[in-house]
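For reference, the chains in residue letters:
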Amino acid sequence: MLVGSFGIQKVSVTQQFCLSIFVGGEGNRGLVKGKDLKQGAKMRLVGLTGGIASGKSTVSSMFKHSHIPVVDADIVARDALKKNSGGYKKVVAAFGPDILQDDGQVDRLKLGRIVFSDASKRQLLNRLLAPYISSGIFLEILKLWLKGHKVIILDIPLLFEAKMDKWTRPIVVVWVDPETQLRRLMERDNSTEEDARNRINAQMSLDLKKSQADIVIDNTGSRQDLQERFSEVLSQVKRPLTWTEFWLSRDGALTALLGVIIGVLAGKNFFW
Ligand SMILES: CC(C)(COP(=O)(O)OP(=O)(O)OC[C@H]1O[C@@H](n2cnc3c(N)ncnc32)[C@H](O)[C@@H]1O)[C@@H](O)C(=O)NCCC(=O)NCCS
Ligand SMILES: Nc1ncnc2c1ncn2[C@@H]1O[C@H](COP(=O)(O)OP(=O)(O)OP(=O)(O)O)[C@@H](O)[C@H]1O
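Residues numbered from 1 in each chain as written. Chains lettered and ligands numbered in written order. Predicted model: local features only at pLDDT ≥ 70, side-chain atom pairs only at ≥ 80, totals over all residues. Heavy atoms only, no water.

## Here we look at the packing of helix α2 (residues 56-65) against helix α10 (residues 223-237)
- The geometry of α2 relative to α10 is characterised by a closest axis approach of 11 Å and an angle of 55 degrees between their N-to-C directions. In terms of their interaxial angle, α2 and α10 are classed as oblique. As α2 runs across α10, the sense of the crossing is right-handed. Taken together, the residues of α10 that come into contact with α2 (itself represented by Thr58, Val59, Met62 and Phe63) are Arg223, Leu226, Gln227, Phe230, Val233, Leu234 and Val237.
- Looking at side-chain class alone, the contact of α2 with α10 contains eight nonpolar, two polar and one charged residues. (Axes fitted to C-alpha atoms, helices over the stretch in contact; angles between N-to-C directions. Helix = DSSP H or I, 4+ residues; strand = E, 2+ residues; numbered from the N terminus. Parallel < 35°, antiparallel > 145°, perpendicular 65-115°, else oblique. Left-handed = near helix turned anticlockwise from the far one by under 90°. Contact = heavy atoms within 4.5 Å. Nonpolar A, V, L, I, M, F, W, Y, C, P; charged D, E, K, R; others polar.)

Next up, the structure:
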């Protein structure tokens, strides 16, 4: 199913079901406007998003340095397009062999030029890759949950466009002013102004994302400014889990199971 003009596929019904087991569906609305996580939240999935080159990866690295695990949707999307993967086969069938390099891998620069200058082709690419990206993200969350992590950062550039924002709380938006965004993007990718503008315009406006955020990180200033703002955000994200969050995390689930087993054994001794 398409969402808005971005052509991003929503997570499937099965994936929605699985996600709801972890995060409690739309009830996971914690840390919003200063309130703690509550109402059925089962673990804390923090949404990290923003515009292209607004500084998400820079903030992601800060979380990783603070030992908070990050699921990076760009990496999942790259895996979804690796040679001979399911996504690769679908994309090559739809876009033709012209998008391939000599070694058979997708020429990302070439495919990027095509899809960032043509909304219908971008929608097509999004539609083809969406199932692989959403299941890849889900798998990464599952692995981290099994390892016992209770707070996980989901770095998803298209969090709002793909309607995945409803699974994450709080939502952190990394914002920059438009001139800084354009300059940083051109410098980082060594791209022309036209290419950079096309990429920026392919996304929902950064101001609109900012208006839907629980926490905004203004990254227009220096790296030092960003580090200081990050420290404040980190303490919000690491706030103690509520009891509900704890019981439904892996450790909480195991503790509850142990409690039931002990209860049953004690009951047996009592009655026999
Ligand atoms: C078009 C592709 C091949 C270009 O690859 P390239 O290496 O040049 O860019 P990269 O993947 O590193 O993406 C850089 C940034 O572009 C933006 N972006 C990527 N895809 C999209 C998209 N479909 N729509 C809008 N913005 C996008 C994001 O901000 C991302 O962080 C690649 O971006 C892609 O496969 N995109 C579709 C998959 C997708 O939706 N990725 C985003 C994950 S939520
Ligand atoms: N505060 C800052 N001051 C100067 N440069 C910065 C700052 N924050 C980030 N940058 C630089 O801006 C560029 C974009 O940052 P980054 O790659 O983190 O953005 P992003 O949002 O992850 O981009 P994308 O959407 O493409 O994944 C990078 O070259 C990064 O080093």
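## Concerning the packing of aromatic side chains
- Scanning the entire structure with this criterion turns up one aromatic pair.
- Taken together, a centroid distance of 4.8 Å and an interplanar angle of 75 degrees make the contact between Phe63 and Phe230 edge-to-face. On the criterion of sequence distance, the pair formed by Phe63 in helix α2 and Phe230 in helix α10 is long-range, its members being 167 residues apart. Neither Phe63 nor Phe230 differs from the other in exposure class; each is buried.
- Over the aromatic face of Trp175 sits the side chain of Lys210, whose NZ or CZ is 4.1 Å from the ring centroid. (Phe/Tyr/Trp six-rings, centres within 6.5 Å; stacked < 30°, edge-to-face > 60°. Buried < 20%, exposed > 50% of the residue type's maximum accessible area, 1.4 Å probe, protein only. Lys NZ or Arg CZ within 6 Å of the ring centre and 35° of its normal.)

## Some words on the site of ligand 2
- Around ligand 2, 15 residues are found, and the nearest of them are Lys56, Ser57, Thr58, Arg188 and Asn219.
- Contacts to ligand 2 include Gly55, whose backbone N or O atom sits 3.0 Å from an oxygen atom.
- Thr58 is positioned with one of its side-chain polar atoms (N or O) 2.6 Å from an oxygen atom of ligand 2.
- Counting residues per element, the ones that place at least two in the shell around ligand 2 are α2 and α7 (178-189).
- A total of three residues in the shell around ligand 2 trace back to one element, the largest contributor, which is α2. (Near = heavy atom within 4 Å. Polar contact = N/O pair within 3.5 Å; in protein donor to acceptor, adjacent residues only side chain to side chain.)

## What about the confidence of the model for the protein?
- When pLDDT is averaged across the protein, the result is 86; 82% of the residues are at 70 or more.
- Note on residues 1-7: pLDDT is under 50 here. Beyond four places in sequence and across chains, it has 21 contacts.
- Within the model, the stretch residues 20-41 combines pLDDT values under 50 with 61 contacts to residues more than four positions away or in other chains.
- Scored by ipTM, the complex comes to 0.97, with pTM at 0.84. (pLDDT = per-residue confidence, 0-100.)

## Some thoughts on the site of ligand 1
- Neighbouring ligand 1 are 22 residues, the closest being Asp74, Arg108, Asn126, Arg199 and Gln203.
- Contacts to ligand 1 include Arg78, whose side-chain N or O atom sits 2.9 Å from an oxygen atom.
- A distance of 2.8 Å is found between an oxygen atom of ligand 1 and a side-chain nitrogen or oxygen belonging to Arg199.
- Its free accessible area being 780 Å², ligand 1 has 90% of it covered by the protein chains.
- Counted by class, the shell around ligand 1 contains 14 nonpolar, three polar and five charged residues. (Areas by Shrake-Rupley, 256 points an atom, 1.4 Å probe, with all protein chains shown as cover.)

## A closer look at the side chain of Ser134
- Tracing the sequence through the fold places Ser134 in helix α6 (residues 119-146).
- Engagement of the side chain of Ser134 in a polar contact is seen with the backbone oxygen of Pro131, the distance being 3.5 Å.

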